[in-house]
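# Structural overview for review
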Amino acid sequence: MARRWEGPAGRLLLGLAVLLDRTVTGKAAKRRLQHFRDAALRAAYRRGVPVEVLASRTRLTQRWVRTVVTGGKPPPVDEAA
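The shown structure was predicted, so the numbers you read here are calculated from the model rather than taken from an experiment.

Quick notes on the rules
Residues numbered from 1 in each chain as written. Predicted model: local features only at pLDDT ≥ 70, side-chain atom pairs only at ≥ 80, totals over all residues. Heavy atoms only, no water. Core = buried A, V, L, I, M, F, W, Y, C linked by side-chain atoms within 4.5 Å. Buried < 20%, exposed > 50% of the residue type's maximum accessible area, 1.4 Å probe, protein only. Helix = DSSP H or I, 4+ residues; strand = E, 2+ residues; numbered from the N terminus. Contact = heavy atoms within 4.5 Å. Polar contact = N/O pair within 3.5 Å; in protein donor to acceptor, adjacent residues only side chain to side chain. Arc of directions from axis to C-beta. Salt bridge = Lys/Arg side-chain N within 4 Å of Asp/Glu carboxyl O. Axes fitted to C-alpha atoms, helices over the stretch in contact; angles between N-to-C directions. Left-handed = near helix turned anticlockwise from the far one by under 90°. Nonpolar A, V, L, I, M, F, W, Y, C, P; charged D, E, K, R; others polar.

## Focus: the nonpolar core
Counting residues in each nonpolar core, the largest one holds 7 residues, listed as L41, V51, L54, A55, V65, V68 and V69. Going through the elements one at a time, α3 (51–58) and α4 (62–69) are the ones with two or more residues in this core. Ignoring anything within four residues of it in the chain, the contact list for V68 reads D38, L41 and R42.

## Overview of the side chain of T70
Tracing the sequence through the fold places T70 in the segment after α4. We classify T70 as buried; its relative accessible area is 19%. At 2.8 Å, the side chain of T70 forms a polar contact with the backbone oxygen of R66.

## With respect to α4
Listing the buried residues of α4 in full gives V65, V68 and V69. Viewed along the axis of α4, the buried residues span an arc of 90°, placing them on a single side of the element. On its buried face, α4 is in contact with α2 (27–46) and α3. One or two steps after α4, the chain reaches G71, where phi turns positive at roughly 75°.

## A word on the pattern of salt bridges
Overall, the coordinates contain 2 salt bridges when judged by the stated rule. Put simply, D38 and R37 hold a salt bridge, and the shortest N to O gap is 3.0 Å.

## Side note on the packing of α3 against α4
Running from N to C, α3 and α4 cross one another at 115°; their axes reach a closest spacing of 9 Å. Crossing of α3 against α4: the hand is right-handed. Here V51, E52, L54, A55 and T58 of α3 come into contact with α4, specifically with Q62, V65, R66 and V69. Residues of the contact of α3 with α4, tallied by class, amount to 5 nonpolar, 2 polar and 2 charged.

Geometric descriptors of this kind do not, in isolation, establish any biological role.
Have a look at this one:
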């Protein structure tokens with residue numbers, strides 16, 4: 001005899017599997033997630049988190065993180081006085 005919650009629990013798990021499949025796989029989903037990640041990196045950088053910390057926590061290279069936080073432009077160069 002089946003328990004009352006097995007049917008709804010199975011449907012919830014199926015819904016979770018479908019949601020994960022749609023958000024993780026595919027080129028469009030990957031691009032969308034990368035845009036969210038890049039926006040979060042830029043926001044953290046604007047709030048004072050150094051590039052080295054961002055790179056180590058996300059396992060990205062420092063060069064890539066610098067490119068992301070500057071919007072694809074080369075990082076600003078401090079001129080010597």
